[in-house]
Amino acid sequence: MPPLFLRNVNLVDGRRGVDVLVHDGHIAAIAAGLAVPQNAEVIDGDGQLLSPPFVDAHFHMDATLSYGLPRANQSGTLLEGIALWGELKPQLTQEALVERAMQYCDWAVAKGLLAIRTHVDICDDRLLAVEALLHVKQKVKPYLDLQLVAFPQDGLLRSPTALANLKRALAMGVDVVGGIPHFERTMADGAESVRLLCELAVERGLPVDMHCDESDDPMSRHIETLAFHTQRLKLHGRVAGSHLTSMHSMDNYYVSKLIPLMREAELHAIANPLINITLQGRHDTYPKRRGMTRVPELLAAGINVGFGHDCVMDPWYSLGSADMLEVAQMGLHVAQMTSQAQMRACFDAVTANSARILGLAGYGIEVGHRADFVLLQACDPVEAIRLRATRLAVVRGGAVLARTAPATARLHLAGRPATIDWTLRR
Ligand SMILES: [Zn+2]
């Protein structure tokens, strides 16, 4: 492979106008004014942002692109979505699952999204979706990291075969232990499921990522239980709580006790802004709650927060295109994270923070790391979110995987023809 040379790019850490040289699939040098090796493939960065690839910390690839099958969600609630998915499950085939997942992975690559943690429902005794996604994981491995979470959608204790199926899925090679305590029959069963799953994770030496308190119920407190068992079993740094939407509705005094407990357990928190704003608050009249967890407060306490896409065109959500900048933009708005530092934190939530949650080794644009990055049509992370910037080039291991033409418009105003691209060069 000839060397790859990126001329004049900005980096997320604020460095501007540097060159990046790639040799043998790895980053060999980062500095201003580097010499271009003979025979190098040159990409002119033109002062635009070179970012590490986007990372999605929370997704459901077994359900993606199934919107409308067998019908659309009328109420817009989480519970109707789960019921609808239950109607679709018996009709699923391995071929259709693989085909839809592969199509989504193509969309992801084109958008510079090169690592995805996907939950996979293990409540179908055939474990069709597990087989399909393990197959997809191998197929996309050369260009996309897929991490699978064994997810008992119908409840670990509520569904009679879920625990046995979950263990089978882990034995087949699923990477992470999942759960859904708020969907068990009682709060007590929910707490018991958290205990069982954390102990299983210790036994298997696996990380945990649980759908936790995905409701508007201010008394749903499984995150407290998850933090408790995480510190009891010394799983620090290996456990993520996904959604945590009940925290939006909790009493402020209680949250002032809860967040330090989450910090003590080194929990990761995953918000899913597009889905939380869509599914939560459906039983409210006005004012309507937003439902997203307390992202700025969690970050201020030193808790690692990632954003996930969660759903694209499935029983819960009818839109989406694998664009993690859309996710960051929604998170920014829902949490009112509008200072420069907070907007940059939203960019981190779909890149570096989520990479930490997945435990990706060698992530980030540094000498010696594998040459994985995305050239964006924007000069910095804030502009990238504002414009949901075009992914001009997506590179993995020094190979260009995808290119998209820059977004521009040609104006034909009288006497003042011009081409614009919405970026502000400063
Ligand atoms: Zn989910």
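A quick note: this is a predicted structure, and the numbers were derived from the prediction, not measured. (Residues numbered from 1 in each chain as written. Predicted model: local features only at pLDDT ≥ 70, side-chain atom pairs only at ≥ 80, totals over all residues. Heavy atoms only, no water.)

(A) Expanded view of the packing of helix H11 (residues 324-334) against helix H12 (residues 340-349). As a packed pair, H11 and H12 sit with axes 9 Å apart at the nearest point and diverge in direction by 140°. Relative to H12, the element H11 is oriented oblique. H11 and H12 meet at a crossing whose hand is right-handed. Along the contact surface, H11 presents Leu 325, Ala 328, Gly 331 and Leu 332, while H12 presents Met 343, Cys 346 and Phe 347. Looking at the contact of H11 with H12, its residues break down into six nonpolar, one polar and no charged. (Axes fitted to C-alpha atoms, helices over the stretch in contact; angles between N-to-C directions. Helix = DSSP H or I, 4+ residues; strand = E, 2+ residues; numbered from the N terminus. Parallel < 35°, antiparallel > 145°, perpendicular 65-115°, else oblique. Left-handed = near helix turned anticlockwise from the far one by under 90°. Contact = heavy atoms within 4.5 Å. Nonpolar A, V, L, I, M, F, W, Y, C, P; charged D, E, K, R; others polar.)

(B) Inspection of helix H3 (residues 128-140) at higher detail. Between its terminal C-alpha atoms H3 stretches 18 Å, which fits the 18 Å expected from 13 residues at 1.5 Å a residue. Of all the positions in H3, only Leu 128, Ala 129, Val 130, Ala 132, Leu 133, Leu 134, Val 136, Lys 137 and Val 140 are classed as buried. Each element contacted by the buried residues of H3 is listed here: helix H2 (94-110), strand E6 (113-121), strand E7 (145-151) and helix H4 (162-172). (Expected span 1.5 Å × (residues − 1). Buried < 20%, exposed > 50% of the residue type's maximum accessible area, 1.4 Å probe, protein only.)

(C) Expanded view of the coordination of the zinc ion. His 58 (NE2), His 60 (NE2), His 211 (NE2) and Asp 310 (OD) make up the full set of protein donors to the zinc ion, lying at 2.1 to 2.5 Å. Taken together, the four donor atoms surrounding the zinc ion define angles of 86 to 178° at the centre, an arrangement classified as irregular. Along the chain, the residues that donate to the zinc ion are spaced as H-x1-H-x150-H-x98-D. With a gap of 151 residues between them, His 60 in the loop between strand E5 (54-59) and helix H1 (78-88) and His 211 in strand E9 (residues 208-212) connect regions that are remote in the sequence. Take His 60 and His 211: they sit in the same class, and that class is buried. (Donors = N, O, S within 2.8 Å, 3.2 Å for Na, K, Ca; no water. Tetrahedral: all angles 85-135°; square planar, octahedral: opposite > 155°, others 65-115°.)

(D) Just the pattern of salt bridges, in detail. Summed over the entire model, instances satisfying the criterion amount to 20 salt bridges. Between Arg 71 and Glu 80 there is a salt bridge whose closest N-O contact spans 3.0 Å. When the shortest N-O distance is used, the salt bridge between Arg 370 and Asp 372 registers 2.7 Å. The exposure class assigned to Asp 372 is buried, which follows from its relative accessible area of 12%. One connected set of salt bridges, linked through shared partners, spans Glu 192, Arg 195, Glu 199 and Arg 232. (Salt bridge = Lys/Arg side-chain N within 4 Å of Asp/Glu carboxyl O.)

(E) Highlighting the pairing of strand E2 (residues 18-23). Here E2 lies mainly inside the structure; five of its six residues are buried. Both strand E1 (residues 4-11) and E2 contribute to a ladder of four bridges, which runs antiparallel. Residue pairing for E2: Val 9 is matched across the bridge by Val 18. Counting the residues between successive antiparallel strands, the hairpin from E1 to E2 contains six residues, one of them, Gly 14, with a positive phi of roughly 105°. Pairing of E2 with strand E3 (residues 26-31) involves five bridges; the strand directions are antiparallel. Residue pairing for E3: Val 20 is matched across the bridge by Ile 30. Counting the residues that bridge the hairpin from E2 to E3 gives two residues, and of these Asp 24 lies at a positive phi of roughly 50°. (Pairing = 2+ DSSP bridges.)

(F) Region of the structure containing empty space enclosed by the protein. Counting across every chain of the model gives three cavities of 30 Å³ or more. The computed volume of the largest cavity comes to approximately 90 Å³. Looking at side-chain class alone, the lining of the largest cavity contains seven nonpolar, four polar and two charged residues. Counted as a void, the second largest cavity has a volume near 40 Å³. (1 Å grid on protein atoms, 1.4 Å probe; cavity = no way out; pocket = protein on both sides within 12 Å on 5 of 7 lines; lining within 4 Å. Points joined across faces, edges and corners; volume = space filled by probe spheres on them.)

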